[in-house]
Amino acid sequence: MSLTRIQVQRATTVSPWTRDFRHLLPVPKHFQNRQTWFDPITKAVRVKDRIKYWNVVPGDQICIRGDARKTIHEVLSINKFTNRVYLKGANLHEGKQYKTPVNRSVHYSRCMLYIGEQVGKATSVGEQPKAVSVFARRIGVRDPHWDPILYRWNWKRLVLATDPYTPKTKIELAWPQTEERDHKEPNPLLDTTPETVREITYKPPVFSLSKLVSLQSGATEKAYLRTLFNPSAVYLTKELSNPHSRAKKQARWQAAVKRKSTLFKKFVAQELKNLNGRSIRDARAEAAFKYRQKLEEERKSEKKRRWLTKDRLAKMERKSKRKARKAEKQKEKLSQLVLRDAPNQFIPGKSARRPEA
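Residues numbered from 1 in each chain as written. Predicted model: local features only at pLDDT ≥ 70, side-chain atom pairs only at ≥ 80, totals over all residues. Heavy atoms only, no water.

1. Notes on the overall build of the chain
Looking only at helices and strands, one finds nine helices and nine strands in the chain. Within the chain, buried positions represent 19% of all 357 residues. As displayed, the chain has an accessible area near 29,700 Å², and 55% of this comes from carbon and sulfur atoms. (Helix = DSSP H or I, 4+ residues; strand = E, 2+ residues; numbered from the N terminus. Buried < 20%, exposed > 50% of the residue type's maximum accessible area, 1.4 Å probe, protein only. Areas by Shrake-Rupley, 256 points an atom, 1.4 Å probe, with all protein chains shown as cover.)

2. Concerning the state of the cysteines
By definition, a disulfide links two cysteine residues through a covalent bond between their sulfur atoms. Applying the stated criterion to the full structure yields zero disulfides. Counting only cysteine sulfurs, Cys111 is the nearest neighbor of Cys63, a cysteine outside any disulfide, at a range of 9.5 Å. Given the relative accessible area of 0%, Cys63 is considered buried. Residue Cys111 is classed as buried on the basis of its relative accessible area of 8%. (Disulfide = S-S within 2.5 Å.)

3. A closer look at the nonpolar core
In terms of nonpolar packing, the biggest core is built from 17 residues, with Val56, Ile62, Val85 and Leu87 touching the most fellow members. Among the elements of the structure, β2 (61-64), β3 (72-79), β4 (84-91) and β6 (111-119) are those that each provide at least two residues to this core. It is β4 that provides the largest number of residues to this core, a total of three residues. Setting aside chain neighbours within four positions, we find Val85 in contact with Trp54, Val56, Val75, Ser77, Ile78, Arg104, Ser105, Val106, Tyr108 and Cys111. Counting residues in hydrophobic clusters, the runner-up holds six residues, among them Ala11, Val27, Phe31 and Phe81. (Core = buried A, V, L, I, M, F, W, Y, C linked by side-chain atoms within 4.5 Å. Contact = heavy atoms within 4.5 Å.)

4. Structural notes on the packing of helix α7 (residues 246-273) against helix α8 (residues 280-307)
At their nearest, the axes of α7 and α8 sit 8 Å apart, and the two run at 135 degrees to each other. On the basis of their axis angle, the class for α7 and α8 is oblique. Crossing of α7 against α8: the hand is right-handed. For the pair formed by α7 and α8, the contact residues are Arg259, Lys260, Leu263, Phe264, Phe267, Val268, Glu271 and Leu272 on the first element and Ile280, Ala283, Arg284, Glu286, Ala287, Ala288, Lys290, Tyr291, Lys294, Leu295 and Glu298 on the second. Class assignment for the residues of the contact of α7 with α8 results in eleven nonpolar, no polar and eight charged. (Axes fitted to C-alpha atoms, helices over the stretch in contact; angles between N-to-C directions. Parallel < 35°, antiparallel > 145°, perpendicular 65-115°, else oblique. Left-handed = near helix turned anticlockwise from the far one by under 90°. Nonpolar A, V, L, I, M, F, W, Y, C, P; charged D, E, K, R; others polar.)

5. Examining the environment of Val27
Looking at where Val27 falls in the secondary structure, it is placed in the loop between β1 (12-13) and β2. On the basis of relative accessible area, Val27 is assigned to the buried category, the value being 17%. Filtering out sequence-adjacent residues up to four positions away, Val27 remains in contact with Leu3, Val8, Ala44, Arg50 and Phe81.

Put into C-alpha coordinates, the structure is as follows:
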(Lines give C-alpha, C1' and ligand atoms only; values in the text may rest on other atoms or scores of the structure.)
Protein backbone atom coordinates (compact mmCIF):
# COMPACT_ATOMS: atom_id res chain seq x y z
CA MET A 1 0.00 0.00 0.00
CA SER A 2 1.41 3.39 -1.03
CA LEU A 3 1.79 6.37 1.27
CA THR A 4 -0.77 9.13 1.63
CA ARG A 5 -0.18 12.85 2.01
CA ILE A 6 -1.52 12.85 5.58
CA GLN A 7 0.87 10.05 6.62
CA VAL A 8 3.86 12.02 5.39
CA GLN A 9 2.68 15.29 6.96
CA ARG A 10 2.04 13.60 10.33
CA ALA A 11 5.20 11.50 10.34
CA THR A 12 6.60 13.16 13.49
CA THR A 13 6.09 10.70 16.33
CA VAL A 14 6.81 10.47 20.05
CA SER A 15 6.81 6.66 20.07
CA PRO A 16 10.24 5.04 20.48
CA TRP A 17 9.21 1.78 18.82
CA THR A 18 9.34 0.75 15.16
CA ARG A 19 6.14 -0.98 14.07
CA ASP A 20 6.95 -1.18 10.36
CA PHE A 21 9.31 0.18 7.72
CA ARG A 22 6.81 2.24 5.76
CA HIS A 23 9.08 5.27 6.14
CA LEU A 24 11.35 3.61 3.54
CA LEU A 25 8.66 3.83 0.84
CA PRO A 26 9.12 6.48 -1.87
CA VAL A 27 7.15 9.72 -1.43
CA PRO A 28 5.50 11.07 -4.62
CA LYS A 29 6.86 14.42 -5.72
CA HIS A 30 3.44 16.02 -6.03
CA PHE A 31 3.01 15.67 -2.23
CA GLN A 32 5.47 18.55 -1.84
CA ASN A 33 3.26 20.90 -3.88
CA ARG A 34 1.06 23.03 -1.63
CA GLN A 35 -2.45 23.37 -3.02
CA THR A 36 -3.33 26.32 -0.76
CA TRP A 37 -1.38 28.80 1.32
CA PHE A 38 -2.60 27.19 4.54
CA ASP A 39 -1.42 23.66 3.68
CA PRO A 40 1.58 22.46 5.71
CA ILE A 41 4.90 22.02 3.99
CA THR A 42 5.62 18.37 3.15
CA LYS A 43 9.28 17.39 3.24
CA ALA A 44 11.05 14.07 2.74
CA VAL A 45 14.62 13.08 1.99
CA ARG A 46 15.60 10.55 -0.65
CA VAL A 47 14.89 6.89 0.09
CA LYS A 48 18.58 5.92 0.05
CA ASP A 49 19.33 8.60 2.67
CA ARG A 50 16.67 7.46 5.14
CA ILE A 51 17.55 5.44 8.24
CA LYS A 52 16.06 1.98 8.67
CA TYR A 53 16.88 1.23 12.32
CA TRP A 54 16.56 4.32 14.50
CA ASN A 55 18.81 4.24 17.56
CA VAL A 56 17.93 7.79 18.67
CA VAL A 57 14.36 7.68 19.89
CA PRO A 58 12.11 9.89 22.07
CA GLY A 59 13.15 9.73 25.71
CA ASP A 60 16.89 9.44 24.99
CA GLN A 61 19.44 11.99 26.23
CA ILE A 62 21.81 13.28 23.56
CA CYS A 63 24.50 15.82 22.92
CA ILE A 64 24.82 17.69 19.64
CA ARG A 65 28.00 16.87 17.80
CA GLY A 66 30.31 19.90 17.72
CA ASP A 67 28.92 21.48 20.91
CA ALA A 68 31.90 22.54 23.04
CA ARG A 69 29.76 22.79 26.22
CA LYS A 70 28.49 19.23 25.85
CA THR A 71 24.95 20.29 26.75
CA ILE A 72 22.64 17.34 27.31
CA HIS A 73 19.22 17.51 25.62
CA GLU A 74 16.23 15.19 25.79
CA VAL A 75 14.66 13.89 22.58
CA LEU A 76 11.03 14.95 22.26
CA SER A 77 10.05 13.42 18.91
CA ILE A 78 11.52 12.18 15.63
CA ASN A 79 10.60 12.35 11.96
CA LYS A 80 11.75 9.31 9.99
CA PHE A 81 11.00 10.88 6.59
CA THR A 82 13.26 13.91 7.13
CA ASN A 83 15.83 12.33 9.53
CA ARG A 84 15.18 15.14 12.01
CA VAL A 85 15.33 14.84 15.80
CA TYR A 86 13.30 17.38 17.82
CA LEU A 87 14.68 18.45 21.20
CA LYS A 88 12.64 19.02 24.31
CA GLY A 89 12.62 22.53 25.78
CA ALA A 90 14.74 24.03 22.98
CA ASN A 91 12.62 26.87 21.55
CA LEU A 92 13.81 28.59 18.38
CA HIS A 93 11.66 31.68 19.09
CA GLU A 94 12.67 32.08 22.71
CA GLY A 95 12.13 35.65 23.89
CA LYS A 96 9.79 36.45 20.98
CA GLN A 97 6.37 36.59 22.62
CA TYR A 98 4.50 37.24 19.38
CA LYS A 99 5.74 34.06 17.64
CA THR A 100 4.53 30.50 18.08
CA PRO A 101 7.02 28.31 20.02
CA VAL A 102 8.87 25.92 17.71
CA ASN A 103 11.03 23.07 19.04
CA ARG A 104 14.57 22.98 17.75
CA SER A 105 15.45 20.09 15.47
CA VAL A 106 18.83 18.65 14.51
CA HIS A 107 19.88 16.07 11.98
CA TYR A 108 20.18 12.45 13.07
CA SER A 109 23.91 12.38 12.24
CA ARG A 110 24.64 15.17 14.75
CA CYS A 111 23.21 13.27 17.73
CA MET A 112 25.47 11.49 20.25
CA LEU A 113 23.70 9.37 22.85
CA TYR A 114 24.53 9.99 26.49
CA ILE A 115 26.00 6.86 28.14
CA GLY A 116 26.98 8.08 31.61
CA GLU A 117 29.84 9.65 33.50
CA GLN A 118 33.34 8.50 34.22
CA VAL A 119 36.19 9.89 36.27
CA GLY A 120 38.55 11.85 34.06
CA LYS A 121 42.28 12.44 34.39
CA ALA A 122 43.68 15.27 36.51
CA THR A 123 45.27 17.99 34.40
CA SER A 124 47.68 19.21 37.13
CA VAL A 125 49.29 17.92 40.29
CA GLY A 126 47.03 18.03 43.33
CA GLU A 127 43.85 18.59 41.36
CA GLN A 128 40.99 16.25 41.97
CA PRO A 129 39.80 14.35 38.89
CA LYS A 130 36.42 15.53 37.59
CA ALA A 131 33.54 13.50 36.28
CA VAL A 132 33.31 13.60 32.50
CA SER A 133 30.20 12.83 30.48
CA VAL A 134 30.61 10.01 27.98
CA PHE A 135 28.67 9.97 24.71
CA ALA A 136 28.26 7.35 21.98
CA ARG A 137 29.89 8.58 18.79
CA ARG A 138 28.92 5.51 16.75
CA ILE A 139 26.19 2.93 17.43
CA GLY A 140 25.64 -0.44 15.83
CA VAL A 141 22.58 -2.64 15.46
CA ARG A 142 22.59 -6.27 16.57
CA ASP A 143 19.96 -9.03 16.40
CA PRO A 144 17.02 -7.22 14.77
CA HIS A 145 13.89 -9.37 15.03
CA TRP A 146 10.12 -9.06 15.00
CA ASP A 147 8.36 -9.40 18.36
CA PRO A 148 4.92 -10.97 17.68
CA ILE A 149 3.74 -10.36 21.26
CA LEU A 150 4.52 -6.63 21.43
CA TYR A 151 3.92 -6.25 17.69
CA ARG A 152 7.08 -4.26 16.96
CA TRP A 153 10.70 -4.62 15.85
CA ASN A 154 13.36 -5.07 18.53
CA TRP A 155 17.14 -4.94 18.34
CA LYS A 156 20.16 -4.27 20.54
CA ARG A 157 22.00 -0.94 20.50
CA LEU A 158 25.77 -1.44 20.81
CA VAL A 159 28.21 1.42 21.35
CA LEU A 160 31.12 1.04 18.92
CA ALA A 161 32.93 4.33 19.59
CA THR A 162 32.73 6.87 22.43
CA ASP A 163 33.58 10.50 23.01
CA PRO A 164 35.88 10.85 24.93
CA TYR A 165 37.61 7.58 24.18
CA THR A 166 37.09 4.68 26.58
CA PRO A 167 38.67 1.23 26.37
CA LYS A 168 35.26 -0.39 26.82
CA THR A 169 33.59 -1.22 23.53
CA LYS A 170 30.33 -2.85 22.48
CA ILE A 171 28.41 -1.49 25.44
CA GLU A 172 24.72 -2.34 25.15
CA LEU A 173 22.48 0.68 25.62
CA ALA A 174 19.07 0.17 27.19
CA TRP A 175 15.99 1.63 25.58
CA PRO A 176 14.36 4.58 27.36
CA GLN A 177 11.71 3.68 29.91
CA THR A 178 8.29 5.28 29.67
CA GLU A 179 7.30 7.42 32.63
CA GLU A 180 4.49 6.11 34.77
CA ARG A 181 1.37 8.18 34.88
CA ASP A 182 0.77 10.22 37.99
CA HIS A 183 -2.59 8.99 39.27
CA LYS A 184 -4.17 11.74 41.31
CA GLU A 185 -6.40 11.12 44.28
CA PRO A 186 -10.07 10.95 43.24
CA ASN A 187 -12.30 13.86 44.12
CA PRO A 188 -14.68 12.68 46.86
CA LEU A 189 -17.40 14.99 45.51
CA LEU A 190 -17.24 13.42 42.04
CA ASP A 191 -16.37 9.83 42.95
CA THR A 192 -18.94 7.15 43.75
CA THR A 193 -19.21 6.36 47.44
CA PRO A 194 -18.48 2.80 48.67
CA GLU A 195 -22.03 2.54 50.02
CA THR A 196 -23.45 3.18 46.57
CA VAL A 197 -21.13 0.59 45.05
CA ARG A 198 -22.15 -2.08 47.58
CA GLU A 199 -25.84 -1.36 47.16
CA ILE A 200 -27.74 -4.19 45.46
CA THR A 201 -29.97 -2.69 42.78
CA TYR A 202 -30.50 -5.70 40.52
CA LYS A 203 -33.68 -7.69 41.04
CA PRO A 204 -33.60 -11.00 39.19
CA PRO A 205 -36.78 -11.95 37.31
CA VAL A 206 -39.08 -14.72 38.45
CA PHE A 207 -38.23 -17.75 36.36
CA SER A 208 -40.95 -20.07 35.17
CA LEU A 209 -40.37 -23.65 34.24
CA SER A 210 -42.45 -23.34 31.08
CA LYS A 211 -40.02 -20.79 29.63
CA LEU A 212 -36.85 -22.46 30.79
CA VAL A 213 -37.54 -25.95 29.49
CA SER A 214 -39.54 -26.84 26.42
CA LEU A 215 -41.98 -29.67 27.10
CA GLN A 216 -40.91 -31.73 24.13
CA SER A 217 -40.53 -35.44 24.31
CA GLY A 218 -36.90 -35.21 23.17
CA ALA A 219 -35.76 -32.95 26.04
CA THR A 220 -32.83 -34.52 27.86
CA GLU A 221 -31.61 -34.10 31.42
CA LYS A 222 -28.47 -32.25 30.25
CA ALA A 223 -30.54 -29.69 28.32
CA TYR A 224 -32.77 -29.20 31.38
CA LEU A 225 -29.79 -28.52 33.66
CA ARG A 226 -28.19 -26.21 31.13
CA THR A 227 -31.28 -24.02 30.90
CA LEU A 228 -31.86 -24.18 34.65
CA PHE A 229 -28.40 -22.95 35.64
CA ASN A 230 -27.97 -20.54 32.72
CA PRO A 231 -31.21 -18.51 32.65
CA SER A 232 -29.52 -15.58 30.90
CA ALA A 233 -29.72 -17.55 27.65
CA VAL A 234 -33.52 -17.27 27.87
CA TYR A 235 -34.12 -13.93 29.57
CA LEU A 236 -31.14 -11.75 28.56
CA THR A 237 -30.45 -12.82 24.99
CA LYS A 238 -32.69 -10.17 23.48
CA GLU A 239 -31.45 -7.49 25.87
CA LEU A 240 -27.73 -8.18 25.38
CA SER A 241 -27.82 -8.78 21.62
CA ASN A 242 -27.20 -5.93 19.21
CA PRO A 243 -30.52 -4.79 17.66
CA HIS A 244 -28.71 -2.80 14.96
CA SER A 245 -26.82 -5.67 13.36
CA ARG A 246 -27.04 -6.03 9.60
CA ALA A 247 -28.93 -9.35 9.74
CA LYS A 248 -31.57 -8.02 12.15
CA LYS A 249 -32.10 -4.81 10.18
CA GLN A 250 -32.46 -6.84 6.99
CA ALA A 251 -34.95 -9.17 8.68
CA ARG A 252 -37.03 -6.21 9.91
CA TRP A 253 -36.98 -4.65 6.44
CA GLN A 254 -38.06 -7.91 4.80
CA ALA A 255 -40.90 -8.32 7.31
CA ALA A 256 -42.09 -4.74 6.64
CA VAL A 257 -42.04 -5.28 2.86
CA LYS A 258 -43.97 -8.52 3.24
CA ARG A 259 -46.58 -6.89 5.49
CA LYS A 260 -47.10 -4.02 3.01
CA SER A 261 -47.50 -6.44 0.14
CA THR A 262 -50.06 -8.48 2.12
CA LEU A 263 -51.97 -5.33 3.10
CA PHE A 264 -52.15 -4.13 -0.52
CA LYS A 265 -53.43 -7.54 -1.70
CA LYS A 266 -56.06 -7.46 1.05
CA PHE A 267 -57.39 -4.05 -0.09
CA VAL A 268 -57.43 -5.18 -3.73
CA ALA A 269 -59.33 -8.35 -2.85
CA GLN A 270 -61.93 -6.38 -0.90
CA GLU A 271 -62.53 -3.94 -3.76
CA LEU A 272 -62.67 -6.68 -6.41
CA LYS A 273 -65.19 -8.58 -4.29
CA ASN A 274 -67.62 -5.66 -4.38
CA LEU A 275 -67.29 -3.97 -7.78
CA ASN A 276 -70.69 -2.21 -7.65
CA GLY A 277 -70.65 -1.43 -11.35
CA ARG A 278 -67.01 -0.35 -11.47
CA SER A 279 -64.36 -1.72 -13.74
CA ILE A 280 -61.48 -3.81 -12.42
CA ARG A 281 -59.09 -0.95 -13.16
CA ASP A 282 -61.14 1.53 -11.13
CA ALA A 283 -61.43 -0.97 -8.29
CA ARG A 284 -57.67 -1.45 -8.19
CA ALA A 285 -57.15 2.32 -8.22
CA GLU A 286 -59.59 2.69 -5.31
CA ALA A 287 -57.73 -0.07 -3.45
CA ALA A 288 -54.40 1.67 -4.08
CA PHE A 289 -55.83 4.96 -2.75
CA LYS A 290 -57.11 3.29 0.45
CA TYR A 291 -53.79 1.48 0.80
CA ARG A 292 -51.85 4.77 0.64
CA GLN A 293 -54.26 6.34 3.14
CA LYS A 294 -53.70 3.45 5.53
CA LEU A 295 -49.92 3.78 5.24
CA GLU A 296 -50.14 7.52 5.93
CA GLU A 297 -52.27 6.90 9.04
CA GLU A 298 -49.79 4.31 10.27
CA ARG A 299 -46.91 6.71 9.65
CA LYS A 300 -48.60 9.47 11.66
CA SER A 301 -49.51 7.13 14.50
CA GLU A 302 -45.93 5.78 14.61
CA LYS A 303 -44.57 9.33 14.62
CA LYS A 304 -46.86 10.23 17.52
CA ARG A 305 -45.90 7.05 19.38
CA ARG A 306 -42.22 7.88 19.03
CA TRP A 307 -42.84 11.46 20.10
CA LEU A 308 -44.58 10.29 23.28
CA THR A 309 -41.44 9.25 25.09
CA LYS A 310 -41.24 8.36 28.75
CA ASP A 311 -40.02 11.84 29.70
CA ARG A 312 -42.72 13.58 27.68
CA LEU A 313 -45.46 11.40 29.19
CA ALA A 314 -44.18 12.17 32.70
CA LYS A 315 -44.08 15.88 31.87
CA MET A 316 -47.63 15.81 30.48
CA GLU A 317 -48.84 13.97 33.59
CA ARG A 318 -47.23 16.56 35.87
CA LYS A 319 -48.77 19.36 33.81
CA SER A 320 -52.25 17.84 33.96
CA LYS A 321 -51.97 17.36 37.73
CA ARG A 322 -50.85 20.97 38.13
CA LYS A 323 -53.81 22.19 36.07
CA ALA A 324 -56.20 20.04 38.13
CA ARG A 325 -54.82 21.44 41.38
CA LYS A 326 -55.10 24.98 40.05
CA ALA A 327 -58.75 24.43 39.02
CA GLU A 328 -59.54 22.86 42.39
CA LYS A 329 -58.04 25.83 44.24
CA GLN A 330 -59.98 28.28 42.09
CA LYS A 331 -63.23 26.35 42.72
CA GLU A 332 -62.52 26.30 46.45
CA LYS A 333 -61.93 30.07 46.48
CA LEU A 334 -65.22 30.69 44.65
CA SER A 335 -67.16 28.40 47.01
CA GLN A 336 -65.73 30.09 50.10
CA LEU A 337 -66.16 33.62 48.76
CA VAL A 338 -67.86 35.99 51.25
CA LEU A 339 -69.07 39.44 50.18
CA ARG A 340 -69.23 42.37 52.52
CA ASP A 341 -72.65 43.79 53.31
CA ALA A 342 -73.63 46.64 51.00
CA PRO A 343 -76.91 48.54 50.33
CA ASN A 344 -77.20 47.25 46.75
CA GLN A 345 -77.06 43.51 47.63
CA PHE A 346 -80.01 41.18 46.96
CA ILE A 347 -80.45 37.75 48.56
CA PRO A 348 -82.06 35.26 46.13
CA GLY A 349 -85.20 33.59 47.41
CA LYS A 350 -86.21 36.48 49.60
CA SER A 351 -88.41 39.29 48.44
CA ALA A 352 -87.49 41.66 51.23
CA ARG A 353 -84.42 43.78 50.83
CA ARG A 354 -81.81 44.16 53.53
CA PRO A 355 -82.07 47.20 55.70
CA GLU A 356 -79.76 49.97 54.82
CA ALA A 357 -76.66 50.32 56.95
